[in-house]
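# Architecture at a glance
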Amino acid sequence: MLVLLAGIFVVHIATVIMLFVSTIANVWMVGSSWNSSYHYGQASSGLWLFCNRTCEQLSVSSGDEASLKAVQAFMILSIIFSVIGLVMFIVQLFTLEKGKRFYMTGAIMLVCWLCILVGVSIYTARFTGRLPGTTSSHHGYCFILAWICFCFSFVISILYLVLRKK
């Protein structure tokens, strides 16, 4: 039982770290930047900045601005709920009576899972393949990390709901 709790705790910490990295770093979309006669290198775009040689504020059309703000908000909310879930797990670990389940932690992690789902789904629907001034754009590691966090948070939340304190 102790090994299972330690494993869940480690995966939960890894999920929090990956959520931080995927939200902060600017590598959600990556593409090659070209001019008519010169190859500039890699360009990347995240939730906050567009980076070619230097990074600048991400500019989107007025129609996509609300979508980008929603993705930013849901990813920040997912970090907040994941950290709250981690703190709640530690609190319940020391205060919960034997035989009780970690319902609160599981519910908080399900909300975190839902926030990741909504945020990454909006990004997938609205911004996939759109990297201005580039050719052959593809998803970067931050986008992939966000989907990995989606899977981890769902598995963790189910384990918290099923797990009993012994």
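Residues numbered from 1 in each chain as written. Predicted model: local features only at pLDDT ≥ 70, side-chain atom pairs only at ≥ 80, totals over all residues. Heavy atoms only, no water.

### As for the environment of Phe154
Heads up, the condition is: Starting at the N terminus, helices and strands are each numbered in turn, a helix being any DSSP run of H or I of at least four residues and a strand any DSSP run of E of at least two. Exposure classes here rest on a 1.4 Å probe applied to the protein chains alone. A residue is buried below 20% of its type maximum, exposed above 50%, and partly exposed in between. In this description, contact between two residues means that some pair of their heavy atoms is separated by no more than 4.5 Å.
Note that Phe154 resides in helix H4 (residues 141-162). Phe154 sits in the partly exposed class, given a relative accessible area of 35%. Through-space distance from the C-alpha of Phe154 to that of Glu56 is 34 Å; in sequence the pair is 98 residues apart. When residues no more than four places from it in sequence are discounted, the contact partners of Phe154 are Leu110 and Trp113.

### So, the packing of aromatic side chains
Any aromatic ring pair is given by two values, namely how distant the centres are and how the planes are angled relative to each other. How we decide: Here a Phe, Tyr or Trp ring, Trp counted by its six-membered ring, pairs with any other such ring whose centre lies within 6.5 Å, and the pair is stacked when the planes are under 30 degrees apart, edge-to-face when over 60, and tilted otherwise.
The final tally for this structure, using the stated rule, is 12 aromatic pairs. Between the aromatic rings of Tyr123 and Phe143, the centroid separation amounts to 6.0 Å while the plane-to-plane angle is 45 degrees, which identifies the pairing as tilted. Here Tyr123, found in helix H3 (residues 103-127), pairs with Phe143, found in helix H4; they are 20 residues apart in sequence, far enough to count as distant. The two residues Tyr123 and Phe143 agree in class, both being buried. Aromatic rings pair up to connect Trp28, Trp113, Tyr123, Phe127, Phe143, Trp147, Phe150 and Phe154 into one cluster.

### Things to note about the pattern of salt bridges
Under the convention used in this document: One side-chain nitrogen of Lys or Arg within 4 Å of one carboxyl oxygen of Asp or Glu is enough to make a salt bridge.
In this structure the tally under the stated criterion is one salt bridge. Note that Asp64 and Arg126 form a salt bridge whose closest N and O atoms lie 2.6 Å from each other. Here Asp64, found in helix H2 (residues 62-95), pairs with Arg126, found in helix H3; they are 62 residues apart in sequence, far enough to count as distant. The class of Asp64 is buried, set by a relative accessible area of 8%.

### Observations concerning the nonpolar core
Operational definition: Joining through side-chain atoms within 4.5 Å is the link that ties buried Ala, Val, Leu, Ile, Met, Phe, Trp, Tyr and Cys residues into a set, and such a set is a nonpolar core.
Ranked by size, the top nonpolar core spans 35 residues in total, and within it Trp28, Met75 and Tyr123 carry the most contacts. Elements that contribute at least two residues to this core include exactly helix H1 (2-24), strand E1 (29-34), H2, H3 and H4. The element that contributes the greatest number of residues to this core is H4, accounting for eight residues. When sequence neighbours within four positions are dropped, the list of residues in contact with Tyr123 reads Trp28, Met29, Ser45, Leu47, Val71, Thr128 and Phe143.

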